[in-house]
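What the coordinates show
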Amino acid sequence: MLAVSGLSVTYDTRGERRRVLEQVTFQVGQGDAVGIVGESGCGKSTLGLAIMRALPKNGHVDAGSVVVGGTELYSLPTNLLRAWRGRALGMVTQDPTSALTPSLTIGQQVAEVYRYVNGQSKREAMSSAGDVLAAVGLAPPRSYLGRYPHELSGGQRQRVAIGMAVAAKPSLLVLDEPTTGLDATVEAEVIDLVNSLRGEFVNGLIFITHNLGLVSRSCNRLEVVYAGRVVEEGPTGELLGGPAHPYTAALLACLPRPGARAQAVRLPYVPGSPPVPGEVLAGCKFAPRCPLRGEECTANEPLLVTFGTGRNVRCVHPGRAGTALAPPSSRQKGGRGDVLLELRGITKRFRSVLACDAVDLIVRSGETVGLVGESGSGKTTVARIVAGLTTADSGSLYWRGELLAPDIAKRPRAVVRALQLVLQHPDTTLNPRHRARSILARTRRRLAGPRRVEELAASVRLEPHHLDSLPGELSGGLKQRVAIARAFAGQPELVVCDEPVSSLDVSVQAAILNLLADLQSSDQTAFLFISHDLAVVRFLSHRVVVMYLGQVVEVGETDDIFAGPRHPYTDALISAMPSMEPGQARAVLGERAVTAVPEQGCVFQARCPHKLGTVCEQDPPPMRAGDNGHTVRCHLSLEQLAEAQRLYQPVSGRGCTVPSTSMSTRSL
Amino acid sequence: MTAVAAPTLFPAVPAWRQRLGALLRRPAFSISLFVLLGWVVVAVSWRLYVPYAPDATNAVAPFGTPSGAHLLGTDWLGRDVFSRLLAGSTSVIILAPAITVVALVVGSLTGLVTGYYGGIVDVGVMRVVDAVNTMPGIVLSVLALTVLGRSDLVLVLVIAGGFAPLVARTVRASVLAERERDYVDAARLRQEKGAYMIGVEILPNVMPTILVEGAIRLGYAVFAVATLSFLGLGPQQPSPDWGLTVSLGVQYVQNAPWILLAPSVAIASLVISVNLVADELRREFLH
């Protein structure tokens, strides 16, 4: 249905020609869903755009062809291209906000597809638009047609974008990182939606992503792309089960496994980053980062060779990948000590939004506390209040039992030194006009840090030459290392980390997680680690705090929370975790309404699958106490929660069956 | 295993130099820059090659048509128009940059301080700025020059005073955007004081805005100086200043249009080239 053969693409940047795709060949058959995976900068998105014949002006196809349903895309005359492409291809991009025009209603934008591609009248097009919106789960469609994009949540916008892409029933749908930036619960729903559209709306699917958990759930074939080349391809299950290329193996090994804990093991990871497009490397492009490399690797570029049925791999040592990475090394367990930080009744309101509602939280020395929740749950506000960047409306902070000034400017220097924050965005956390060295030197001087700048850099595994770089010359992972080194300049006792790895590739993420765990075991540093990624939180944390709409709904030891019984919201988050294991993540929650916190009763009532009835709507739920300080804020008792989860849990694996929504919890 | 050599993500040539190279390849920019720099050179060095003394009158040859001896003819006193054209560049080439610098310094400081601190100071200052902006600059300048008496210093301060609020508003907007970035929070996390925040953290990042704003203001400054001297509020006779010459040449435009045309074209060439340079700079550095 789609045949890409020998596709080579070059970008012209300021007079320099850089090859980004080299001889890419693959097919998508009828009913196939093909995942294209790799780190950022490997040419995944370029491949998607080339398949759409939508490369930016400076991109050129040098060789190869893209054949969709028998038509060669690049030999079509431009006047026919638009109409043909509208019928044959659909695309969903990463950012649904920029894919929709803010000044037109949803209905107008979706109807446009029917008017231009299918030639329908205005009225017909609008009713077709309503049908497709219903198909992508925006019901009743009538209430969505007249709305503007800003009136929808991120997940709803992505549904509209998917609806527009499949409106003309294209034979092939290209999805480029369609769920990046969405919460895990919403992500699971969007993936379910895409899977449900196969067959009825589209025949084939290309799924471009860096998230291996996602492709394992929705794709039957994978193309692993590195440095613009396909390095491995094959059926998803076999390929993830026994990767033949060291790169695939490395990407898999970087992911924190359910049993692994940062206190015990170090994640294996691949050093370095992909070559810059245009960089000339002899032989295998992965060789500089490959643990298996030998002289034979740099002599000639390996060809794509057959490896088992339906599998190809571009490696001199096909199949030795499993032995490539050293087994995870172990680490000394550090102990947990006295209470360092305590939050009591922290409340913060931004206009009408209650970001924190009487939040209580404790962090002990040497301990990692994971703070999880969807976006909008108030996690970042807690981090900023702890760091003194935002002041709470009410409630108090205690540092080693003493009252802590809410504003950082009024805190004693010793406390500032001991309590630091790693900010969220690696791209803006460093001043673009300051070199890494001067950033670290200034911080060290201000915080009277004991270690020299070079030692600091070495402690986060920065090379000395990185110190003389401007942030713009550093990759995201390196920037985040500088930011971590900065937080550690004054030998802190507690570091608050606000989503420090969420924008990084898995290989880089693994390196940063190792680094944090190493620093903890060497310096006894405590972490308040904020993340929406439960796999990461489980790997790193001793204890987990779950927030929903500004409220702490559950606190407990990591193992206790993952074992249950747990809050229905925590359960939903855990169910939505992408996983390498067979089966599918479940989307158990309805998407959160854009409307604010309920006036009374439980904050989670609107989405709770176990809602009891009026008691949940009227009374604030009690705190239920379990073992080891495990507390759950719910009207259901712990026994009832355990029972609810058991009923919800599928027989084998996790989440193979979608629970019937009509299940009554009243019988519990 | 030895450490992997880190790939250089970006070429070693700094970004601004690449951008300058790209700019110079654009004809609108390079030609305008050539004209602009040409006038600067003339303003500094005209004494070295001026064919006649600009003030040398010649009673026997007033209103001389352009010829080999007088390239652009002579004026009502028989003075060489070409020589006066070269000499007349000096006042505008000195006054306009002076105005721009004063406006930039005052406006940037205001914008940086109000943008960074916000609050009541910001509201107060910005209301004043808005009020100043609503009054037509030229009327204000005429008023001020008439009341205070005309001198180059007053001229510079008056025009710069009209421009500074505009600069302040642009810089403030840029500061507001920078203030939201994580690196500012990072500096707060080590208890940096306001002066350091503004001067070391934020200023370098709003510098492109300030420079582009400067280039735009320079164009307006040239125009403002020419306008005020046309109105007789700039340099006085017998100065060869362009605006003054245009206003005096009006009465002879029927018989000797070259007297008026030469400085008019000069003003136009300067204003257009400054504006084009500013436009291209803005396109390259701010978008």
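Here the structure is a predicted model, which is why all the values come from computation and not from measurement.

Attention now goes to the pairing of strand β9 (residues 221-226) of chain A. Residue and element names in this part refer to chain A. With five of its six residues buried, β9 lies for the most part within the structure. Here four bridges tie strand β3 (residues 33-37) to β9, and the two strands are oriented parallel to one another. Within the sheet, the bridge partner assigned to Ile 36 lies in β9 and is Glu 223. The pairing of β9 with strand β10 (residues 229-235) spans six bridges and is classified as antiparallel. Within β10, the residue paired with Leu 222 across the bridge is Gly 234. Between the antiparallel neighbours β9 and β10 lie two residues, among them Ala 227 with a positive phi of about 50°.

Counting residues in hydrophobic clusters, the biggest one holds 151 residues, and the most contacted among them are Leu 2, Phe 26 and Ile 206 of chain A. The residues touching Leu 2 of chain A, leaving out its near neighbours within four places in the chain, are Phe 26, Gln 27, Val 28, Ile 51, Val 66, Val 67, Val 68, Leu 172 and Ile 206 of chain A. Listed in part, the 47 residues of the second largest apolar core include Leu 36, Ala 221, Leu 244 and Ile 259 of chain B.

Next up on the list: the sheet that holds strand β14 (residues 353-364) of chain A. Residues and elements named next belong to chain A. Reading across from one edge, β14-β13-β16-β17 is the order of the four strands in this open sheet, with antiparallel pairing throughout. The outermost strands of the open sheet, each flanked by one partner alone, are β14 and β17 (402-404). Each adjacent strand pair in this sheet contributes to an overall mean axis angle of 25°, direction not counted. Alignment of strand β13 (residues 339-350) against strand β16 (residues 394-399), held across five bridges, turns out to be antiparallel. In the sheet register, Leu 343 faces β16, and the bridge partner there is Leu 397. Of the strands in this sheet, β13, β14 and β16 touch helix α13 (residues 379-387), which is tilted by about 120° from β13.

In this section: the interface of chain B and chain A. Contacts between the two partners involve 29 residues from chain B, matched on the other side by 43 residues from chain A. When chain B packs against chain A, close to 3,000 Å² is buried across both sides, 53% of that on carbon and sulfur atoms. Of all residues in chain B, the largest losses of buried area upon contact with chain A belong to Leu 189, Arg 190 and Gln 191 of chain B, amounting jointly to 25% of the total for that side. Where chain B touches chain A, the interface holds three salt bridges. Notably, a salt bridge pairs Arg 384 of chain A with Asp 185 of chain B, separated by 2.8 Å at the nearest N-O pair. At the boundary of chain B and chain A, one finds 16 residue pairs in polar contact (both at pLDDT 80 or more). When contributions to the side of chain B that touches chain A are tallied by element, the ones reaching two or more residues are α1 (15-24), α7 (182-188) and α8 (194-230) of chain B. When residues of the side of chain B that touches chain A are assigned to their parent elements, the largest contribution, six residues, is made by α8 of chain B.

Turning our attention to helix α5 (residues 137-148) of chain B. Its twelve residues give α5 of chain B an end-to-end C-alpha distance of 16 Å, which sits within 8% of 16 Å, the value for a rise of 1.5 Å per residue. With its phi angle positive at about 80°, Gly 149 of chain B sits one or two positions after the end of α5 of chain B.

With that settled, consider the packing of aromatic side chains. Evaluation of the coordinates by the stated rule reveals eleven aromatic pairs over all chains. With a centroid separation of 5.2 Å and 65° between ring planes, the pair formed by Tyr 247 of chain A and Phe 286 of chain A is classed as edge-to-face. Taken as a pair, Tyr 247 of chain A in helix α11 (residues 246-253) and Phe 286 of chain A in the loop between α11 and α12 (295-299) lie far apart in primary sequence, 39 residues in all. As far as burial versus exposure is concerned, Tyr 247 of chain A and Phe 286 of chain A are alike and both buried. Between the aromatic rings of Tyr 116 of chain B and Tyr 117 of chain B, the centroid separation amounts to 5.1 Å while the plane-to-plane angle is 75°, which identifies the pairing as edge-to-face. Among the aromatic residues, ring-to-ring pairing joins Tyr 226, Tyr 247 and Phe 286 of chain A into one connected group. One Lys or Arg, Lys 169 of chain A, reaches over the ring of Phe 201 of chain A and ends 5.2 Å from the middle of that ring. A cation over an aromatic ring shows up here: Arg 344 of chain A above the ring of Tyr 398 of chain A, its NZ or CZ 4.1 Å from the ring centre.

Rules of the game
- Residues numbered from 1 in each chain as written.
- Chains lettered and ligands numbered in written order.
- Predicted model: local features only at pLDDT ≥ 70, side-chain atom pairs only at ≥ 80, totals over all residues.
- Heavy atoms only, no water.
- Buried < 20%, exposed > 50% of the residue type's maximum accessible area, 1.4 Å probe, protein only.
- Helix = DSSP H or I, 4+ residues; strand = E, 2+ residues; numbered from the N terminus.
- Pairing = 2+ DSSP bridges.
- Core = buried A, V, L, I, M, F, W, Y, C linked by side-chain atoms within 4.5 Å.
- Contact = heavy atoms within 4.5 Å.
- Axes fitted to C-alpha atoms, helices over the stretch in contact; angles between N-to-C directions.
- Buried area = accessible area lost by both parts, 1.4 Å probe.
- Salt bridge = Lys/Arg side-chain N within 4 Å of Asp/Glu carboxyl O.
- Polar contact = N/O pair within 3.5 Å; in protein donor to acceptor, adjacent residues only side chain to side chain.
- Expected span 1.5 Å × (residues − 1).
- Phe/Tyr/Trp six-rings, centres within 6.5 Å; stacked < 30°, edge-to-face > 60°.
- Lys NZ or Arg CZ within 6 Å of the ring centre and 35° of its normal.

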